[in-house]
Amino acid sequence: MPIYTRRGDTGETGLAGGQRVKKDSSVIIFLGTLDELNASIGVAKTFMKIWPDKQNSEQRASLSGVLKQIQNELFYLGSMVAGAKIEPLPLKQRTLYWEQVIDGIDVQLPPLRNFILPGGSRVAALLHVARGVCRRTERVAVALSRRKPIQLYLDAVQYLNRLSDLLFILARLVNKLRNARETIWTPSGPSLQTFSSPADLPLDPTSGPKNGGPLSSSPETAITINEDTIMFEEHDALSERWE
């Protein structure tokens, strides 16, 4: 049986309750953004599983379990929004639970008195991406709750607001576990660098292997382009290949 049905070729789709709606309706936009959020968390979870060393294995397993739980809850939330006949997810209780998790992790981290630039280790950077998607999902939920202020949407706004905080604190925790430095943003930081011509850009197209002409944005990073694959190679102070 094919996975396609052709029923959506006219720009409509069906909700779990049987209702047909336009694919650009506010409900479908919310469901689609939830899907993006879930997928972005899945990417972070996947990279977490392939850390190259065995250090912090227990913490890594715990973090992976947290991300899996979040993914399950997002599926529950999407099913509820779509009108599926399932046992509802207690969003208020889950919001309070994640608050406790956030507080428990926060006391293990260095105090944060400034904004930080998203990044650090790869997994942390991916969690920051997921946090940004979560914020967008929250904004979609806010718009939906204004159009139809039912309790489900109102609770979803609070849940997603807290979830973005959780993803932020998880990114900081991952950076701590990976000994990755956080970059503090300061308004009086380094001046903006300008380049008058392409020749001034910090690129060295002659470095690295000759199988396709790699681009190099720094001595530490090279993108090797072959006929079949694009391989990212990076060597940093931690001697990590993947994080």
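Going by the structure above, here's the rest.
This text gives an overview of the structure that appears in the document. Please read all numbers here as calculations on a predicted model, not as lab measurements. (Residues numbered from 1 in each chain as written. Predicted model: local features only at pLDDT ≥ 70, side-chain atom pairs only at ≥ 80, totals over all residues. Heavy atoms only, no water.)

## Some words on the pattern of salt bridges
Heads up, the condition is: We count a salt bridge whenever a side-chain nitrogen from Lys or Arg sits within 4 Å of a carboxyl oxygen from Asp or Glu. Elements are defined by DSSP. Helices are runs of H or I of four residues or more, strands are runs of E of two residues or more, and each kind is numbered from the N terminus. Under the scheme applied here, a residue whose accessible area is under 20% of the maximum for its type counts as buried, over 50% as exposed, and between as partly exposed, the area being computed with a 1.4 Å probe on protein chains only.
On inspection of all chains with the given rule, the structure shows six salt bridges. A salt bridge links D165 to R135, with the nearest nitrogen and oxygen atoms 3.4 Å apart. Taken together, the residues span a long stretch of sequence, with D165 in helix α5 (residues 151–177) and R135 in helix α4 (residues 122–147) at a distance of 30 residues. By relative accessible area, which is 29% here, R135 ends up partly exposed. One connected set of salt bridges, linked through shared partners, spans R135, E138 and D165.

## Describing the packing of helix α2 (residues 57–81) against helix α3 (residues 91–106)
Quick note on the threshold: An axis is simply a line fitted to the C-alpha atoms; with a helix, the fit covers only the stretch in contact. Between two such axes, the angle follows the N-to-C directions and lies from 0 to 180 degrees. Orientation labels follow simple angle bins: below 35 degrees gives roughly parallel, above 145 gives roughly antiparallel, 65 to 115 gives roughly perpendicular, and whatever is left gives oblique. Left-handed describes a crossing in which the near helix is turned anticlockwise from the far one by less than a right angle; the clockwise case is right-handed. Contacts: residue pairs with any heavy atoms within 4.5 Å of one another.
Taken N-terminus to C-terminus, the directions of α2 and α3 make an angle of 160 degrees; their axes are 12 Å apart at the nearest point. With respect to α3, the axis of α2 lies roughly antiparallel. When you trace α2 past α3, the crossing you get is left-handed. Each of V66, Q69, I70, E73 and L77 in α2 lies in contact with α3, whose residues at this interface are L91, R94 and W98.

## Focus on unusual backbone geometry
Positive phi is not limited to glycine here, since N179 has a value of about 55 degrees. Counting through the fold element by element, N179 comes out in the loop between α5 and β4 (183–184).

## Points about the nonpolar core
Note the threshold: Nonpolar cores are built from buried Ala, Val, Leu, Ile, Met, Phe, Trp, Tyr and Cys residues. Side-chain atoms within 4.5 Å join them into one set.
In this structure, F30 and L160 are the most contacted members of the largest nonpolar core, which totals 51 residues. Mapped onto this core, the elements with two or more residues apiece are α1 (26–48), α2, α3, α4 and α5. Beyond its immediate sequence surroundings of up to four residues, F30 is in contact with L77, V81, T137, V140, A141, L144, A156 and L160.

## Quick word on the environment of G120
Looking at where G120 falls in the secondary structure, it is placed in the loop between β3 (116–117) and α4. On the basis of relative accessible area, G120 is assigned to the partly exposed category, the value being 48%. For the pair G120 and R181, spaced 61 residues apart in sequence, the C-alpha separation works out to 6.1 Å. Ignoring any residue separated from it by four or fewer positions in sequence, one finds G120 in contact with N175, A180 and R181.

## Overview of the packing of aromatic side chains
The condition is simple: In this scheme Phe, Tyr and Trp rings, the latter by its six-membered ring, pair at centre separations within 6.5 Å, and the angle between planes marks the pair as stacked below 30 degrees, edge-to-face above 60, and tilted otherwise.
By the definition in use, this model includes two aromatic pairs. Arranged with centres 4.9 Å apart and planes meeting at 65 degrees, the rings of Y97 and W98 form a pair that is edge-to-face.

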